[in-house]
Every structure is written in C-alpha cells, then in structure tokens.
Protein chains: 2
Amino acid sequence: MKKLITLIICMFPLLSLAEEVISPNGVLKAKFYVSEGKMTYELFFHEKVIVKPSHLGLEFINWPSMMEDFEMGEVEYSSFDETWKPVWGETSSIRNHYNEMKVTVRQQSTNRHLIIRLRIFNEGLGLRYEFPRQEGLDNVKIKEEHTEFAMTGDHTAYWIPGDYDTDEYEYSISRLSEIRNLEEKARTENATQTAIPAPSTQTSLLMKTDDGLYLNIHEAALVDYSCMHLTLDDKKFVFKSILTPDSKGLKGFIRCPAVSPWRTIMVTDDAREMLASKMILNLNEPCKLEDTSWIHPVKYMGVWWEMMTGAASWGYADFQAIKLGETDYKKLKPAANHAANNNNVKRYIDFASKHGFSQLLVEGWNEGWEDSWQKYDNYSFTKAYPDFNVKELQAYAKAHGMKLMMHHETSASVFNYERQLQDAYRFARDNGYDVVKSGYVGNIFPYGGHHFDQWMNNHYLYCIKEGAKYHLMINGHEAVRPTGLCRTYPNMIGNESARGMEFQATTGCEPKHVCILPFTRLQGGPMDYTPGILEMDVSKVNPNNHAHVKATVCNQLALYVTLYSPLQMAADVPESYERYADAFKFIEDVAIDWDESIYLEAEPAEFITVARKAKGKDDWYIGSVSGQHPHSSDISLSFLDKGRNYLATIYCDAKDADYRNNPASYNIYQKKVNSKTRLKLHTVESGGYAISIKPIE
Amino acid sequence: MKKLITLIICMFPLLSLAEEVISPNGVLKAKFYVSEGKMTYELFFHEKVIVKPSHLGLEFINWPSMMEDFEMGEVEYSSFDETWKPVWGETSSIRNHYNEMKVTVRQQSTNRHLIIRLRIFNEGLGLRYEFPRQEGLDNVKIKEEHTEFAMTGDHTAYWIPGDYDTDEYEYSISRLSEIRNLEEKARTENATQTAIPAPSTQTSLLMKTDDGLYLNIHEAALVDYSCMHLTLDDKKFVFKSILTPDSKGLKGFIRCPAVSPWRTIMVTDDAREMLASKMILNLNEPCKLEDTSWIHPVKYMGVWWEMMTGAASWGYADFQAIKLGETDYKKLKPAANHAANNNNVKRYIDFASKHGFSQLLVEGWNEGWEDSWQKYDNYSFTKAYPDFNVKELQAYAKAHGMKLMMHHETSASVFNYERQLQDAYRFARDNGYDVVKSGYVGNIFPYGGHHFDQWMNNHYLYCIKEGAKYHLMINGHEAVRPTGLCRTYPNMIGNESARGMEFQATTGCEPKHVCILPFTRLQGGPMDYTPGILEMDVSKVNPNNHAHVKATVCNQLALYVTLYSPLQMAADVPESYERYADAFKFIEDVAIDWDESIYLEAEPAEFITVARKAKGKDDWYIGSVSGQHPHSSDISLSFLDKGRNYLATIYCDAKDADYRNNPASYNIYQKKVNSKTRLKLHTVESGGYAISIKPIE
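Residues numbered from 1 in each chain as written. Chains lettered and ligands numbered in written order. Predicted model: local features only at pLDDT ≥ 70, side-chain atom pairs only at ≥ 80, totals over all residues. Heavy atoms only, no water.

## Comments concerning the side chain of Ser-624 of chain A
Residue and element names in this part refer to chain A. Within the fold, Ser-624 resides in strand S32 (residues 620-626). Side chain to side chain, Ser-624 and Thr-609 meet in a polar contact 2.8 Å long. Among all residues touching Ser-624, those that are not within four sequence positions of it are Ala-558, Thr-562, Ile-608, Thr-609, His-631, Ser-633, Gly-687, Gly-688 and Tyr-689. (Helix = DSSP H or I, 4+ residues; strand = E, 2+ residues; numbered from the N terminus. Polar contact = N/O pair within 3.5 Å; in protein donor to acceptor, adjacent residues only side chain to side chain. Contact = heavy atoms within 4.5 Å.)

## Description of the sheet that holds strand S24 (residues 359-362) of chain A
Residues and elements named next belong to chain A. The sheet built from 7 strands is open, its strands ordered S28-S27-S26-S25-S24-S23-S29 with parallel pairing. Because the sheet does not close on itself, it has two edges, and the strands there are strand S28 (492-495) and strand S29 (567-570). Ignoring strand direction, the axes of neighbouring strands in this sheet form an average angle of 25°. Bridge count for strand S23 (residues 298-303) against S29 is 4 bridges, and the pairing is parallel. Bridging from a neighbouring strand, Tyr-300 pairs with Met-569 of S29. Packed on one face of the sheet, helix H7 (residues 414-430) meets strand S25 (403-409), strand S26 (435-439) and strand S27 (473-477) and runs near 175° to S25. (Pairing = 2+ DSSP bridges. Axes fitted to C-alpha atoms, helices over the stretch in contact; angles between N-to-C directions.)

## Observations concerning the relation of the copies chain A and chain B
Aligned on chain B, chain A shows an RMSD of 0.0 Å; the corresponding rotation is 180° and the shift along the axis is 0.1 Å. Within this description, the copies of the chain are treated as partners about a two-fold rotation axis. Proximity to the rotation axis, assessed at the C-alpha, singles out Tyr-447 of chain A in chain A; its C-alpha lies 2.2 Å from the axis. Of the residues that chain A buries at the interface, 100% are likewise interface residues in chain B, meaning the two copies contact each other through the same surface. (Least-squares fit on C-alpha atoms with pLDDT ≥ 70 in both.)

## Focus: the interface of chain A and chain B
Taken together, the contact between chain A and chain B spans 35 residues of the former and 35 residues of the latter. Of the roughly 3300 Å² buried between chain A and chain B on both sides combined, carbon and sulfur atoms contribute 51%. For chain A, the biggest contributors to the area lost against chain B are Arg-255, Tyr-376 and Arg-419 of chain A; these three give 26% of the whole. In this structure, the connection of chain A to chain B is made through 4 salt bridges. Arg-419 of chain A is the partner of Glu-418 of chain B in a salt bridge, and the nearest nitrogen-oxygen pair spans 2.5 Å. (Buried area = accessible area lost by both parts, 1.4 Å probe. Salt bridge = Lys/Arg side-chain N within 4 Å of Asp/Glu carboxyl O.)

## Observations regarding the packing of aromatic side chains
Going through the model one piece at a time under the given rule, you end up with 61 aromatic pairs over all chains. Ring geometry for Phe-415 of chain A and Tyr-447 of chain A: centres 5.9 Å apart, planes at 65°, overall edge-to-face. With Phe-415 of chain A in helix H7 and Tyr-447 of chain A in the loop between S26 and helix H8 (454-469), this pair connects stretches of sequence that are 32 residues apart. Take Tyr-447 of chain A: its relative accessible area is 0%, and that puts it in the buried class. With 5.8 Å between their ring centres and 10° between their planes, Trp-365 of chain B and Phe-427 of chain B make a pair best called stacked. (Phe/Tyr/Trp six-rings, centres within 6.5 Å; stacked < 30°, edge-to-face > 60°. Buried < 20%, exposed > 50% of the residue type's maximum accessible area, 1.4 Å probe, protein only.)

## Considering the pattern of salt bridges
Residue and element names in this part refer to chain A. Tallied over the full model, the rule gives 85 salt bridges over all chains. Across the pair Asp-234 and Arg-180 runs a salt bridge whose closest N-O atoms are separated by 2.9 Å. Within this pair, whereas Asp-234 is found in the loop between strand S18 (228-233) and strand S19 (238-243), its partner Arg-180 is found in helix H1 (residues 179-186), the two being separated by 54 residues in sequence. In this structure, the salt-bridge partner of Lys-346 is Glu-392, at a minimum N-O distance of 2.6 Å. Taken together, the residues span a long stretch of sequence, with Lys-346 in helix H5 (residues 342-354) and Glu-392 in helix H6 (residues 390-399) at a distance of 46 residues. Here the salt bridges share partners, and the residues they tie into one network are Glu-100, Arg-117, Arg-119, Arg-128 and Glu-130.

Below you can see the structure in the form of structure tokens.
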C-alpha cells in the first residue's frame, strides 16, 4: 500500500472569493464560497458547469438554523493517495486518490462554526457537514438538511420514486420535468411504503445529460444519520435533500462532534467509468474488524423459489394465531407443502453439493410463520419447526461439504428481533451457520418509524457489528440502501435494497432493470439479487402461478458477472437446473471473488458487458446483459495474458431467443481465444451472454 | 390451603332474561343480559343499584366490531374458595373467594362468539372479555374497547386526569359533573404527558356516593393489553373505557385465544374494607416463579435526596454531548457535586448499616447522565463512572452487612435499555445486586408510543420476567400502574406509578395525597413512595432550594405503616436523621413484612389508621396519617394477644405541630398497653402518629 498525504492550511481572506479544489487528473473542479451569507458550492467537469451554485445548510428543532449568515473561515487543502485491499471485491486492490478542501465557516449572529469537507476524486465529488463540539450545537435535533444539487438542465433520469420505507420499485426513465407526472404510476404496490410527495426520487440517482455526461447523486458512509432522498424543483432542476423522519417526524439526532454522511456527485463521459468507480467505498472508513479471516464469498442455493412462486409455504401449519413459547407446534396439523422439512432440505443439499455450492439458504425453518405480520413477538429465531432438525441437517450438509444459511425474517417487528438478537446469533454460530439473511418486510412495528430512518439505520449497523462478534456475515433484505459501509464492515456481505429477482415470481422486473442497477443500487455495495432463474415459465414450479420471468436464460447467466456480489445465489429449484443442465454449468463454474474487473461496454438501461478475473486464478469470466433493446457486442480480449492461449466457453442467446416466448433458446460452444481475439456476439432484448475463459495448459 | 370449586352449566333459554351471580356473603349481585342485541351488565349492593345497565363491546380495525347483534348462549356458574400465601404482603395468607358466571354470547350476523366472565367477591366485581379461537377473530387489532360503568348519580370522585404517559398528578376531589372544568388545572406539568380530553380520569378511580358508599373502578391482571383509562359522559355519569394507543394509534393486538384484563368495580359502605381488599391480587394468576426463596422485602437508604433537591448531581461531569463507548470519562473534568462517588457512598453505607438498613440505592453511578434525555444510546448500564468503583463499594457494603441497590434510568429510551438488558442484569447479578430500580422519565423514544400502551406494558413485564432469571427484584418507576401482577411475579417488588415523595423536593404533594393513595394507586400493588423525609426545610439540604415538604415528621413516620410496601426507603439524607435521631428510631425499628393488617380507621383524603403485625414476630406497628384536616383518633388495641402486656412507643404530632411552620413538633413516649387498651391520639393536618408495640417478656 502506498499512502501520500500533503497538507496546506491557508487563512482565507475576508473577501468571499471562491476556494477551489481540483481532481487528481485535473478534470473535475469544485468551488466553495459564501454568497450572501449562504454556503455555496459548484462542480465543473472540464471547466463545464455540472452543478450550478447550490446551497448547503441545516435546520434544527432545538437550535437556531444554520442556513444563512455565514462567513468563510480557515481553509485547509490536502491530498491523499492510498491503495488498499478489500476483503472481497471486484478488484484485489483499490486506489483511494483524492484532493481535499476543508472549509470552516462561521455563522456570524451565533458565532457557531461548521466545517464543510470536500473530497474530489477523478470521477466525482464527496462533501459532508462536520459539526465541531461547541456552545449552541450540542445534542442536535435535525429538522431538515438542505443540501442542494442544482442541475444545469432537464436531464434524463433513471429514477425510482422517493419513499421512506422501500426501494423495491421499477426504474422509470424520463426527463426531470416529467417525474412529477410519472411518479404515481411508478409507485407500485409494496408491503410497506411511505411516499415522499412528487417530484421526488431516491439515491443513488443516475442521470444523463443531453451532451452525453453521466451523473450520479448518492451518499456514502451513512452512519448514525437518517437516509437522504431527493426532492426536485422541476422548474429550476434543483434537487434538495430530504431526510427520513422517525415516528415523531424528527429527522435526526446528532451529538457533537459529529459528521454527516458524504453527499456524492459522480460525473463522467464514459458510462463504464461510473461502473468501475470505487468512490463510494473510498469515502467510507477503512475496515474496523481486526480479524477478517472468517469472511468469505458464498455461492449458494436456497429452499426459496418454491415459496416465492407459491408452490410451497414458509409456515409449518396453515395460517393461524400462534403464541410463541406457548403454542406446541407438535400438536398442529402440518400444512401439506411446508418446504423447510428435513427430506426436502436434504434433497437440496444432495443437489447443491453435487454442483459445488457451499451453502443452502432455508427459509421458513423457524416457529412463527403462521402468524408473522406486525406482531410484538412474531418469530422465534432459535426454535425450529418439528420437521426441521437443525443439528441433523447441519451435520448432513457438513458431510456433503456444505453449510446451511440462516434466515431471520423479522417482518419489521424489529424490537422482537433485537430482544432475541444475541440468542439468535449465538444459536446460529453454535449450529455452524456463518451467514444470516435478515428481512424487514412490512411496516416498522410497533415503532412506527421508517425503514430508512436513523434508528433503523443504527439497527442494521448494530446487527452487522454484533454479527461480527459471532463471526456471522449479514445479508439484510429490506434494509436501508448501502452506502459503501461494507468497506468498514466486510461481514456486511450483501443487501437487497432494490427490486430483486423475487418480483419475477409475480409482477416481474422490466428488461432494463439489470442494466440500470449497477449504475445505481450497486454503487453502494453488492446486492443479493438472487439471479439464476432458468425456467421462465413459473407454472412449471407452481401450476397455479402464470407469471413469466422477463429474461432469457443467458441473461440470467450473465448476471453472475454483471451484478457483482460476493454472495451469489442460484435461485431456481433443482428441477429447473436439471432441465437446463448445460446452461447451469456456467453457474456452477463462475467465480464469486475477483482480482480484476474490466467494464467493456456500458449504456444505462441498454447493455453492460464486464470481464472479471477470478481471484487467485488465471480464469476470466465475461457477462453481458442487454436491456430494453437487442445489443451487438464487439469486444476485445486484450486483457488476456499476451501470448497465452485460452479456451472460451460461450453461452449466448440464439438468434431466435425471445425473453417473452423463447427464453431458453441459446447456444453453448467453445472457442480458442487469446489477447488478440475480438468477439462479436448478439444478444436479444433482456438477453445476454456469459463466457468462461480458461488458460489452455 | 383450602380450595373449593363447584361448577354448574346451564343452557340459557332463548329469551334474554338476565342471569345473576351473587357474592359469597350475599351482599353484591351482578346481572348480565343482552338488551337489544347489546351485552349489558348491572351491579347491586344490598339490592341497591350501584352500576346501572352498562354495555360491553369492542371495535376492531381488521374485523367487524363486536358491539351489537348479540344473543345469549351457554352460561356456566361456579364457586371458588382458596387461601394462598403471598411471598410478601400485608397478611401471611389471602383468601380468594368468589362466585363466577361465565356467559357465552353469539353475534348473530357473524356467528362469532365471545365469553364474558364475571367474578363476584364480597367487596366487588371483576369482569373480562375472553376471545375464543374462531373464524373471523384471529390476530385482532383493537380500535377501542367500549366497556361502560354507568354510575347512579353525581358522585364525589378522587381523581387524576386521564393521561397516556403519566400518573404523577395531585388528586382532585370533586363531583363527577365538575371534572370537566377542573381538569386543565389538575394537569400539572410533567416530563412526559399526553392528555386524554376532559372529562377523563385514570384508574384506580375512587368515588363516594351521597349515601356513603365507596366505589372503585380499576383493572386487574394487565397483561399483553393496553392500559385502560376512563372517559366520562358527565350528563349521564357513565364512564367508558379508553385504551392507550401505540405510536400509530392502534389500541391493541390480541391473538386468540386471549383474554382482556379484568375490569373491576369495588363497592363497600366501610372505607376500611376497600383498603383491606385483596380482590385485585386475587384476580391475578398464582405465582409463576418456581423458586421465590431469593425474594425478600428490603428497607433501604439512597444517595438520592441530595440530587432530588438539587444539592448534588447525577452526572459525573457537567452537561455535554457524550458518546457512549467513545467518550473517555477519565478525561472529563468532574463536576464538583457528583453524589455517587466512592467517599460519599461509603459515608452512606457507614450510616445506613449502623441503623440496620439492608441496602443502599445509588443513582447516577453509570455513564451517560451528562447527556441523558431522549437519545438512542443514552446510558450504559454496565459502565460505572471513574469515581464509582462497583466492586470496591459492594465489598464495602458487604463488609457492613449491606448490598448496593442497582439503578437503571432509561429516560424512556427503552430500546437502548432492551439492547443492554441482558448485559445489565448479568452485571447486576454478578456484582451482588438483587434489586433494580428502573426509571422511564420522558417521552418513549424513539418509539413514539406511550408509557401505558401494550408494547410498553409488555416491556415492563419482560423486564420482570427476565429479572427473575437473574434473581433480581424489579422496582419500575414511571411504568404502568400496577394491577396486581406482583401476585404472579413477586419479584415485582415495587413501582412508582403515582406522584411520589420526590415532588416534595419541588412543587410538593398536598396533605390529602397519602390519605388517598391506599384507596387508589395501592389497590394494584405496593408503591415505592420513598417516605421518611424528616427535614421539611429543603434549604437545609440545598441552600438554593426553598421548597418545604408538606408533612409533619410523624406523618412521615406513619407512612411506613399506612403505605404498605415490601420495599421501603428512608429517603432523607444522614444529616437529617442525625438531627431527628429520636424520630428516626421508628424508621429503624419498623417492620416491612407482615402477618396481619387491620385497618382501624379510614376516610379518603382525611385519615387512615392501620395496625400491622410483623412477619413471624409478636410486634405490632400502627400508623396513622391525617390529610386535609386534623384528626382525633380513638382506637382499640383489641387485636393484641389477650392477657399479654406490651410496651408501646408512641410518636405523635405535638399539639402545636403544623406541617407548614412547625413540622418537627412531636412527642415520643412509652406506655404499657394490652388488648383492652384504647388509645386516643390527636393528629394535625398532614400529620400523623406511629406506634411500635412489643410484648413485655
């Protein structure tokens, strides 16, 4: 690791001239100044305005606001250049290179100080508020944060509607000026949702300007603060931060000294650079876990899709009122289709172990699913159903070289979960589990706050920190969208926090979806998207379910490469994989941890092609997904070792493939390749290709 | 123990005639019938109407209401007579004797059933709703319970205003028709309060009729349900139940089968009978703790009054923003007056041990008081301040035959408390504590619910149950008012749940207060009132505090007998006890657990005189308090063993005693007494007398 820090301090003159900080490559420039008493910043790309003069400020419940009446104080400049090694990731090392400007501003009427810290990277800007310890700013109750992002025009946005409780929406693509009218339609049904009035969007928000620049607004290092959304002045095209309120409408509590999360703006003229960016990770603190030897990527199957499709049930018995600790499950009549039973789980273990998976997720293993929604004490996290023998099944898995993966659905009765958390984690550890998938479906109960408020954010992080004590990797579903915290806590092995594959069992995900996620949701960290559904006709799993998965088989294969995650599921049922055994080979084969990643092609909503080199190996994998249109891919394999021969196994949509009617039309073939090879491949709408490339010894 | 149960079942004819159940002594009679489809009950005392026809019913959020359209179904009658022994109490055994009527009603339009169970004791009626498991009534969300209590006239009530968060109010005495106009004035300031619109009152509500009957409305066995308050139709004098909402306004969640708490109405023409009643205890379940050998009454002193008066501080340092786990207290500048320091605690131990106390409460011993209100993580319950050495002080206490008493102020950040609860209880147990005083000052944070809602009620009970696992007795302050649960969980050793002595350090408690509490608050269980302030001039403790305690010295002494509690504090500072060493003798001497209790005189707000026989001894103690007027007491000691001689030590207001100007004017003298003795004693307003009576060997 190399590390370089330089520091220059200058006392700013009384004249409010703009201070500037420029990216290491000189392309980006941020200005900060006080204008008519207001903190203001701007952002330029090649001297072209990207963010117009935008104000910063905060309102408090218990103190005078810090919106106006500022004057510039001390300004410090520094540079930072360090390369660090993630525990897992897209690349084996990450360069963290930025220039920094730390500005102290003073509110004249109150004599209070605030620090605005700006870090400028080659691909974007991060800025945050820092609250020094001082008179008149202790124990701050935040009424609202007013951070502006003033756009230069009516950009095209790839957005989901603002919501305090869910991000499981389809993306809409529209001009900023069109969001207002489209938002109601975009707000599809969810088990929990609290709309932020239109026009509003969530972050990470991707935009494209008419002159071909790609912009992204997000936040990094969301710790002990409420999650930021964006409201839009759609006349002036100015976004403004709006924080998630708690049950009483308060937007945050901070104790000084404190810092806000980073507010980030990425700018690039090459969409591939946004995908390759590690800026969000870099804005997070280095790893805080001393021992990370127990953290590892996981490829897993699950007793899951049969429940998602409605073929089987999570509950042991039919729906009824259950009293945990009092209801004797052995006296209940079992439902005919409880999936998490010993025989079925063993059947999955037999299959998954044969195909090289290391873990098997089992949902619906624990008491309480008969009566799960919005209760004080809805689930036990330590009591298995009568037909699920934890010790027997873990032993069976172990004998097959596998582990079971723990599942904790809380249905957002988070206090019931916290009450059991230590016991639940101890139970998991003592029984050989090392990954916990948690879920927060439904309204936060009985708290009445929101999934993305400060208390809940603290809860998710609490689970991650406590989980680390038990050597558990945590994969939170319905938790707040990630903001790069996995750098600091790499046992945060996954998150959902977007519309995932599960929707394909019912209302679906549009073809463009997986061609947007890497620009948005994945900026903050990996997603447990759970790809790998190869049987698109859902009625093959549940005859009563006539949903159709909107993807081709090769699109699904490609996701293992295009949607980076150290936690990758093969989500389909064994029968489907037996049916498409040739395609399934790729899922068996593909790596899940990487030394290198090269984004070869990218256009939001249209296509993403990426090549990745397997960690500690010479094998490469390429994935390419197409979105709302077919795509003709033309890629060079120049990243391969010069003069070395490789065998490529190519899984590609056939010409007549059609995600609607003919999703399983694909070709699989092998080809010798080297660094001079160019590959031209054609993918259909919502299609894709996947390639494994291995040296020929 | 004797136990007698008889059971008669009768199928009720279709005609809706009233079914009746009569108290064992024949004095009380309850009727139940369906009138125009509505469940209706009445209560009679010596055939005189006490509760006029009153309807029962419930509204739900997620099901059709159960208010109307009922028909009578099966009616079962039974009798019960059992005598049980409490772990601690006013008497060594308690008779539970009642007749019961269990009525099944059917809602015709929905074909759902409800059971109304009525238990009639000699002194009152308990009735509750029972929800059988059935179609159309699973996982019930309660919108409101509509239980009526139709009074026969404009009775005199001894009331505090309805509130979802606090019961720390002075009592008002007025006609029912006057409550509306008095309520605003009665609603004095508190750290947390949520008014129920006037006219409303809390339970237990004491009333007196114009013909001299004493009535009380309360509830028993409040488990997994929200606390009931009363709204009043002050034209018709009909009270109606109003349940405490959660953060979202929901009033309760029940899973069938389930039961409501008992709704109770006590009636007697002798105020002493109400004080002696064990009906609320009897309506609770028998003890659920298998081993109760570790539960014992406690007489204690506390490092407390000096903070209450403002002379000393809870916090180690001055107020500032603290980050638990990050703030290094050793680096903070200590406040000059932090009370919970090693030297001061040792000074208290020296004094308390010399005077026979078994425990010393120490508040402000733990990290977080500098920054305590309404935070996510406000207190640590396992980290002591630098100047408070837990192990050293417990050892010091032990060497002096004492223990320290644990204190957990949560400032209602209840989730922070729950997160630490197991560690906190383990810490307490491992360090030799066996009593935990907990506190919930302020608004429930960040939950936003109320102190008396179902989730919070479940929390308090959770603490009691978990505490039992660690052999900890729990004394919850600002928790929901007790409803007799200490029978079931006798480690629930105390509660505040009313305006306590602490108010005498500021705004005071009116003279009548302690002459009402035993009729109301104490019906549900003992109160940690913390009596024993002998220095009424608060400026003697804190020169800057000019409050004056509204009581005479003998009033304070008498409270140890009149306010029954197995947990009795001597709340004043050692200096005060040294100043009034002769009076303090009574506090040293008085017992805290009893074989027998005889209420000799009683009139609400005016006077209460009670004699109690010390557990396992032949010693008797008498306490008499007077309220808003002087009282001339004329009592017979006929309860003493016949033919046995005793020495009585009498502590009584002197003639010129005056709680305002001359509170410490008292006489202490001794007198030989026997079972034929009559004692005539005079007490002043807010005065009293206390007597110890011991056999002359």
